[in-house]
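For reference, the chains in residue letters:
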Amino acid sequence: MYNIFTLKNGLRVVYEKISYVKSISVGLWVENGSRNEDSSNNGISHFIEHMMFKGTSNRSSLELVESIEDVGGQINAFTGKESTCFYIKALDSYLELSLEILSDMLFNSTFHPEDIEKEKGVISEEINMSEDSPEDVLTDLHSSAIWGDDPISLPILGTSESISSFTREDIVEYISSHYIPENSVISIAGNVDESVIQSLVEKYFGDWTGSNKKITCYSTPVLQSNHLHKKKNIEQLHLSLGMPGIQTGHEDLYTLLLMSNILGGGASSLLFQRIREQKGLCYSIYSYISAYKNTGVISVYTSLNPRYADVVVGLINDEIGKFIENGITPEKLRKAKEQLKGSYMLGLENTSSRMFNNGKSVLFLNKINTLDDMIKKIDRIDQKKLQDVMEKTFSKGIQNSAFVGENVELGNIKGIIQSRN
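Here the structure is a predicted model, which means the values were calculated and not measured. Position numbers for residues start from 1 in each chain and track the written sequence from start to end. For a predicted model such as this one, the threshold for reporting local features is a pLDDT of at least 70, and the threshold for listing and counting side-chain atom pairs is 80 or more; totals across whole chains, interfaces and linings nevertheless cover every residue. Think of the side-chain values as coming from all heavy atoms in the structure, minus any hydrogens and water.

## Quick notes on the sheet that holds strand β5 (residues 84–91)
The cut-off we apply is this: Pairs of strands are assigned from DSSP output, requiring at least two bridges between the strands. The way it works is that DSSP assigns letters per residue, a run of H or I at least four long becomes a helix, a run of E at least two long becomes a strand, and they are numbered from the N terminus. Axes here mean lines fitted to C-alpha atoms, for a helix over just the part in contact, with angles spanning 0 to 180 degrees between N-to-C directions.
What the 6 strands build is an open sheet, ordered β1-β2-β6-β3-β5-β4; its pairing is mixed. Both outer strands of the open sheet, β1 (2–6) and β4 (74–79), are each paired with one neighbouring strand and no more. Between one strand and the next, the sheet's axes are offset by a mean angle of 15°, whatever the strand orientation. Sheet analysis places strand β2 (residues 12–17) next to strand β6 (residues 184–190), joined by 6 bridges and oriented parallel. In the sheet register, Lys 17 faces β6, and the bridge partner there is Gly 190.

See below:
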């Protein structure tokens, strides 16, 4: 059972009672990520996520994590392009402790200058580690190819230059203006006592406010037609090809997910069967969708011997063309619906996944997409819906691309892509 309520300060709270488990998951969601930044403060959201674990006026950094781990729980956080989430999973008897710890981190973090300088070194190493991962480099490079100079293209980690400039004043000011109740959601899932939830959230978050408040409002970026290459001395060439997608919350998103699964969602997909199984040109190839506020993209990823780049891009382009022309048979549609429903059901079988799903849904859409809602939307997908979505997405063809590795001729790649467009 779900319930949503809003405190007087604008903080939204969503909880789901799951009576057959003995655990609870509690998440503090803030609609703030790298998309809220600019080139001068890029990476500050991720930096703040780290700093929230460095100690408060009540607890040292060790005492923070021990408070949860000593009772068998887990505490962690992540930062994305559009949100930051701090979360705890523990036994159901520790709901109040979980809320108190999250509030302590949010309101009482000390941000000692020496800790800030130390963490700059830690995150610089994280950036260096990311630079050693071709997949991570490719993700950021393709974001630039897709969205150009729009803030959504900024890397979540920031840059070594931007990170080195942060001061305690920058952090405190940014939190005061962006980490505000109007931009935030508390999400709770598990075996909760519903009679105490509102009073506990009021107790720990009811006085939350901010100054110079910046209510999150994102732009509507235009998808670009850039083709970028970053040279790296590695054996394989990693590539990502982009097509127009669908924004988060749109009714057609489930249809697009289903179509992406058929094209490149697994070992039975069109791309995997043609390029790996029949041609033997790569080990892994898949397509996936990225949905954000006001924008979305479909990506096709693979890695391969650089000498086969032109051939594989041509084959991917051909398979997309056949997918557009041939569509999806009724039998394939039936199977794809069952596959998509199964993946959703299996993905929501623990309190953490329920908390993540509910928190993200309320944060961005101000409503809950229940499992029943998802299944009904998937069941309603028909041939007309497939055709409508095809015309808005895949039929536009490959619009942009990114390559990481040695020896790629972008001129050839553009020619291959444009031969169908």
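Structure shown, so let's carry the discussion forward.
## Let's talk about the side chain of Thr 110
What counts here: Per-residue accessibility, obtained with a 1.4 Å probe over protein chains only, is compared with the maximum for each type, and a residue is labelled buried under 20%, exposed over 50%, and partly exposed between these values. Should any heavy atoms of two residues lie within 4.5 Å, those residues are considered in contact.
Within the secondary structure, Thr 110 sits in the loop between α3 (95–108) and α4 (113–131). The exposure class assigned to Thr 110 is buried, which follows from its relative accessible area of 17%. Those residues in contact with Thr 110, other than ones at most four positions away along the chain, are Gly 55, Thr 56, Ser 57 and Arg 168.

## Let's talk about the sheet that holds strand β9 (residues 285–292)
Read from one edge to the other, the open sheet built from 5 strands follows the order β7-β11-β8-β10-β9, with strand pairing classed as mixed. One side of each edge strand has no neighbouring strand; the edge strands of this open sheet are β7 (227–231) and β9. Within the sheet, the average angular offset between the axes of one strand and its neighbour, ignoring direction, is 15°. Where strand β8 (residues 237–244) and strand β11 (residues 400–405) come together, 5 bridges link them in antiparallel fashion. Bridge pairing in β11 links Leu 239 to Phe 403. Those strands touched by helix α16 (residues 410–418) are β7 and β11, and its axis lies near 150° from that of β7.

## Comments concerning the packing of aromatic side chains
The condition is simple: Ring pairs are drawn from Phe, Tyr and Trp, using the six-membered ring of Trp, whenever the two centres fall within 6.5 Å, and their geometry is named by plane angle: stacked under 30 degrees, edge-to-face over 60, tilted for the rest. The criterion for a charge sitting over a ring is simple: Lys NZ or Arg CZ within 6 Å of the ring centre, and within 35 degrees of the ring normal.
If you walk through the whole model with that rule in mind, you get 16 aromatic pairs. Seen from their ring centres, Trp 29 and Phe 78 are 5.7 Å apart, and the 80° between their planes marks the pair as edge-to-face. Highlighted residues: Trp 29 in strand β3 (residues 23–30) and Phe 78 in strand β4, separated in sequence by 49 residues. Using a relative accessible area of 31% as the deciding quantity, one classes Phe 78 as partly exposed. Taking 6.3 Å as the distance between ring centres and 35° as the angle between the ring planes, the aromatic pair formed by Phe 53 and Phe 86 counts as tilted. Note that Phe 53 is positioned in the loop between α1 (44–51) and α2 (61–69) and Phe 86 in strand β5, a separation of 33 residues in sequence. The class of Phe 53 is buried, set by a relative accessible area of 18%. Cluster of aromatic residues (ring-pair linked, three or more members): Trp 29, Phe 78, Tyr 87 and Phe 356. Its guanidinium or amino end placed over the ring of Tyr 308, Arg 307 lies 5.9 Å from that ring's centre, counting from NZ or CZ.

## Structural notes on α1
Counting buried positions along α1 yields 8 of 8 residues, so the element is predominantly enclosed. Ile 44, Ser 45, His 46, Phe 47, Ile 48, Glu 49, His 50 and Met 51 are the residues of α1 that are buried. In the core, the buried residues of α1 are packed alongside β4, β5, α4, α6 (160–164) and α7 (168–178).

## A closer look at unusual backbone geometry
Here the phi dihedral of Asn 212 falls at roughly 50°; this positive angle occurs in a residue that is not glycine. Tracing the chain through its elements places Asn 212 in the loop between α8 (194–205) and β7. For Asn 294, which is not glycine, the phi torsion reads 70° and is therefore positive. When you line up the elements, Asn 294 lands in the loop between β9 and β10 (295–304).

## Re the packing of α3 against α8
Note the cut-off: Should an angle fall under 35 degrees it is taken as roughly parallel, and over 145 as roughly antiparallel, whereas 65 to 115 is taken as roughly perpendicular and any remaining angle as oblique. We call a crossing left-handed when the near helix sits turned anticlockwise from the far one by less than a right angle, and right-handed when that turn is clockwise. Under the grouping applied here, Gly and all other residues not named as nonpolar or charged are polar, the nonpolar ones being Ala, Val, Leu, Ile, Met, Phe, Trp, Tyr, Cys and Pro and the charged ones Asp, Glu, Lys and Arg.
Here α3 crosses α8 at 25°, and the two axes come no closer than 9 Å. The pairing of α3 with α8 is recorded here as roughly parallel in orientation. The way α3 lies across α8 gives a crossing that is right-handed. Where α3 abuts α8, its residues Leu 95, Glu 96, Leu 99, Glu 100, Leu 102, Ser 103, Leu 106 and Phe 107 lie against Ile 197, Leu 200, Val 201, Lys 203, Tyr 204 and Phe 205. When its residues are assigned to classes, the contact of α3 with α8 shows 10 nonpolar, 1 polar and 3 charged.

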